[in-house]
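Residue-level structure breakdown
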Amino acid sequence: MKSLQGRSLFMPKNPLLIKKERLYSLSDCLNALSKKQLLIITDEIMPISFKAKNHTKAVLVPALQTEIQRRVLYAFKYLYPFVSAFFVGFVFKEKLSDILKNFKELEQISLPQEHMQIIAAQILMENGFCFAFLPKGKRTVQYVIPDELQPVAEQMLNTVSSVETQPIARNDLMLYANVLTSLYGICSVDLFMSIYNRDTIHTITDKQAFLWAMEEAAAISGNCYFVEDSVVSNHIFHEKYEDQKQILETMRGEFEPYIPSEEEIVNKFFLPFYDADLEAYKQCVECLAQYLPNRDAVEWAESMVENLCSCIKLDFSIDEQLKVLDPHYNVLPQMSRDDQKQLGYLLGALNTGCRRWTLWGHTPCEVSEDDEMNAQTINKDEKTADREGIPNFRADQPDDIPNKPCAALPAGSCIPSEADCEAMLALFDEYCTAGDEVPWDSIRSAQMKRIASSYKKVLSMFEDFLKESMEDTVEELIGQWLASIWHKTANRGGTFGNQQWNYVAFRVLERLAENIFSCEGEDGRIFVVYSIALEEMTEPYITCMSVLVDMGGWYLPCGPFLLWRGLFLFDIIALAKQVAPQMYKEQGLSAVIHFNPCPFWAMVILGPVPITGSKETIAIECSLECRFKNNMPPELPKSWLMEKSGNYTRWVYNKNDDFNSRELYYNHKTHEVFLYAHNEESFQKLLKTLKKYIDVGENEITKTSLILATFCESILKYPNKHTQLEKKFKK
């Protein structure tokens, strides 16, 4: 059932209006509707398993007639109470004013009575309880309650005529059903009952009575349906219910459900979807709406984003999510490249912020936080990586691995014993917590003042896209940063003060023993890390970053880990080069983060975002700046499209397939050459085509995942050379 907001108050344009003389029987009223109008009512009231479009009008009318007469016996418990008043008032017109005086609910709604009447009529019409006629030449809409339904109105007359006799309204139960199915996908009677009875003053303590109420509320809702002992979101197709139920039960494991507060639930009552108040959701609707036909563009866009979020909630991959964007309008091919990148970032933000059905209502960020605190977690130890070629270091690793030498480890590295780890961890904790304050707190004020502007933007991003408190995480990141700065000169004394505490981006290679892992850094170096957090990690993160402290052949982390499912080690290097290219070249990653940690902290948002691309090809922006030999452009085959704009010439191969295209830009004035492709395979083919004609010099190929490239350009506002060159060719 639609909410009160957004309803048109101009009844002559209502899609269920009948432009004929009044009829009075339910059968005649239904037959007066077109099949298109009948389908509107069918979508609202018939069971989700009823395939209305497969039937003729002759079949639909009697089916609807039976369902309407069945539903009218209980529906008004779950509709807004004022709807009952107008239902009775349309039959007993002379008593309408007296009836309305007894409904305090109307005093809380800041709409005139005539507007409330139109809204009530619309709700009744959508349920088949009322029909609106506007005969040719007439200007006033005439409402008819069919003869078969008038006995119900007569029975209700006495109950709605006084405040004392009005029945308990259960429309909040229907609203709870909408919210909880949007949050959980499938919500069992026990969970529903506990949350609803927590908040309502009119509790239903008998489980069988609650089941009946759930079933009736779901039937009235239109946004969910009832199966066995659960209410289920309409986004889980009825015919696939059993399969989806089994998948959700497996992925949820022993995880506890997220329990929203009463205030949070009430705030979601009139949203189209649980996550519709996320900033990324709103921006995604705006982005898509501009490429849809003007009529109902926003409504179509909202429907598309709602479907998109349901895919995210079921853990679909990014490429599977993109497929739900309405194919009838060919939205993606119409988009400008800038909007495609913006959409890519918004998809990432939605993947981060949406409450997942697979996580029982939690966001991926909440799961990560729970992992760190040893809370209940989803048992995904056996889950393989999202894509081929990305190892899951947790899979098939026995718990009782002996401390044996590893040939892959370089000289000087070792696998510490359990006793060594415990002893060094105790010493390290004592060093870091000695006294009331850690010594690096003394530099906090000066350092935070230096990055104040960037830090403010990071906090704003967390608030906009995560919709959750990040205070503890941010404080841990600041403490880690200050500790690394404090030790950069390696002259602080004490057990661990005579060395640098450097930031290291790495990927985990292998679990060597309990809490012990071999890792590969962004510079290709192999080393050993002891970490309980890595041991408890349940998601297939492929890139990690933390401050590591040398324990003599192995490392302990200081502070939290930054973890990413869809970023690569080369992404961390690419970001460092964006922040301070010369500093990175001369001093390395730690120096850049000491200079400005905020862009790296902002990437917390991207942590749960999966890899972008197809199963076969990952979306990676590859580029190279070089020159033509002797500054002479080559003659490329006719399959390459050549365009000129000012001092620039652009050649594009496979232009109609943006993901697999190859691009070449040449500045005739400066003789600069820029090569670009959206994935590594296409870029290698581009290099092969041009290897005889280009001089690379000391330049290196730059690789950035589409996720990070979009984030840097759209959110961090770093310049993107490819985008800048493309703008020169926009007509």
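Look up a bit, the structure's there.
The text that follows walks through the structure, step by step, so that each part is easy to find. Every value quoted in this text rests on a predicted model; they were computed, and no experiment measured them.

About the cut-offs
Residues numbered from 1 in each chain as written. Predicted model: local features only at pLDDT ≥ 70, side-chain atom pairs only at ≥ 80, totals over all residues. Heavy atoms only, no water. Helix = DSSP H or I, 4+ residues; strand = E, 2+ residues; numbered from the N terminus. Buried < 20%, exposed > 50% of the residue type's maximum accessible area, 1.4 Å probe, protein only. Contact = heavy atoms within 4.5 Å. Areas by Shrake-Rupley, 256 points an atom, 1.4 Å probe, with all protein chains shown as cover. Pairing = 2+ DSSP bridges. Axes fitted to C-alpha atoms, helices over the stretch in contact; angles between N-to-C directions. Phe/Tyr/Trp six-rings, centres within 6.5 Å; stacked < 30°, edge-to-face > 60°. Lys NZ or Arg CZ within 6 Å of the ring centre and 35° of its normal. Polar contact = N/O pair within 3.5 Å; in protein donor to acceptor, adjacent residues only side chain to side chain.

Some thoughts on the overall build of the protein
A count of helices and strands for the protein gives 30 helices and 17 strands. Considering the protein as a whole, with its 731 residues, one finds that 54% of them fall into the buried category. In the protein, 66% of the contacts between residues at least 6 apart in sequence involve partners at least 24 apart. When the accessible surface of the protein is summed, it comes to about 34400 Å², and 50% of that surface belongs to carbon and sulfur atoms.

Focus: helix H29 (residues 706-714)
In terms of burial, H29 is largely enclosed, as eight of its nine residues are buried. Every buried residue belonging to H29 is among Ile707, Leu708, Ala709, Thr710, Phe711, Cys712, Glu713 and Ser714, and all of these are buried.

Some remarks on the sheet that holds strand S4 (residues 224-227)
Pairing in this open sheet of three strands is antiparallel, and the strands run S3-S5-S4 from one edge to the other. Strand pairing shows two members of the sheet lacking a second neighbour, strand S3 (186-188) and S4, which therefore form its edges. Each neighbouring strand pair of the sheet contributes to a mean axis angle of 25 degrees, computed without reference to strand direction. One ladder, built from three bridges, connects S3 with strand S5 (residues 230-233); its direction is antiparallel. Across the sheet, Ile186 pairs through a bridge with Val232, a residue of S5. The strands touched by helix H9 (residues 189-199) are S3 and S5; relative to S3, the strand with the most contacts, the crossing angle is about 75 degrees.

What to know about the pairing of strand S8 (residues 526-530)
A large share of S8 lies buried, amounting to four of its five residues. Summarising the sheet, strand S7 (residues 516-521) and S8 pair through five bridges and their orientation is antiparallel. Counted as the bridge partner of Ser518 is Val528 from S8. Where S7 folds back onto S8 in an antiparallel hairpin, the turn is made up of four residues, including Gly524, whose phi is positive at roughly 90 degrees.

Remarks on the packing of aromatic side chains
For the coordinates displayed, the defined rule picks out 27 aromatic pairs. Seen from their ring centres, Phe428 and Trp501 are 5.4 Å apart, and the 50 degrees between their planes marks the pair as tilted. Linking Phe428 in helix H19 (residues 418-433) with Trp501 in the loop between helix H22 (471-486) and strand S6 (502-513), this pair joins segments that are 73 residues apart in sequence. With respect to class, Phe428 is no different from Trp501; both count as buried. Over the face of the ring belonging to Phe92 we find Lys95, whose NZ or CZ atom lies 6.0 Å from the ring centre. Above the face of the Tyr258 ring, Arg355 is positioned so that its terminal group lies 3.7 Å from the ring centre.

So, unusual backbone geometry
Non-glycine residue Glu228 carries a positive phi angle of around 55 degrees. Relative to the helices and strands, Glu228 is located in the loop between S4 and S5. Non-glycine residue Asn654 carries a positive phi angle of around 65 degrees. Along the chain, the position of Asn654 falls in the loop between strand S13 (648-653) and strand S14 (662-667). Owing to a relative accessible area of 32%, Asn654 belongs among the partly exposed residues under this scheme.

A few points about the side chain of His722
Mapping His722 onto the fold places it in helix H30 (residues 721-727). Engagement of the side chain of His722 in a polar contact is seen with the side chain of Tyr665, the distance being 3.3 Å. With residues up to four places along the chain from it excluded, the contact list for His722 reads Arg337, Lys341, Glu663, Tyr665, Phe674 and Tyr676.

Description of the environment of Cys130
Considering the arrangement of structural elements, one finds Cys130 in the loop between helix H6 (113-126) and strand S1 (131-133). Ignoring sequence-local partners within four residues, the contact set of Cys130 consists of Phe90, Leu124, Met125, Tyr143, Val144 and Ile145.

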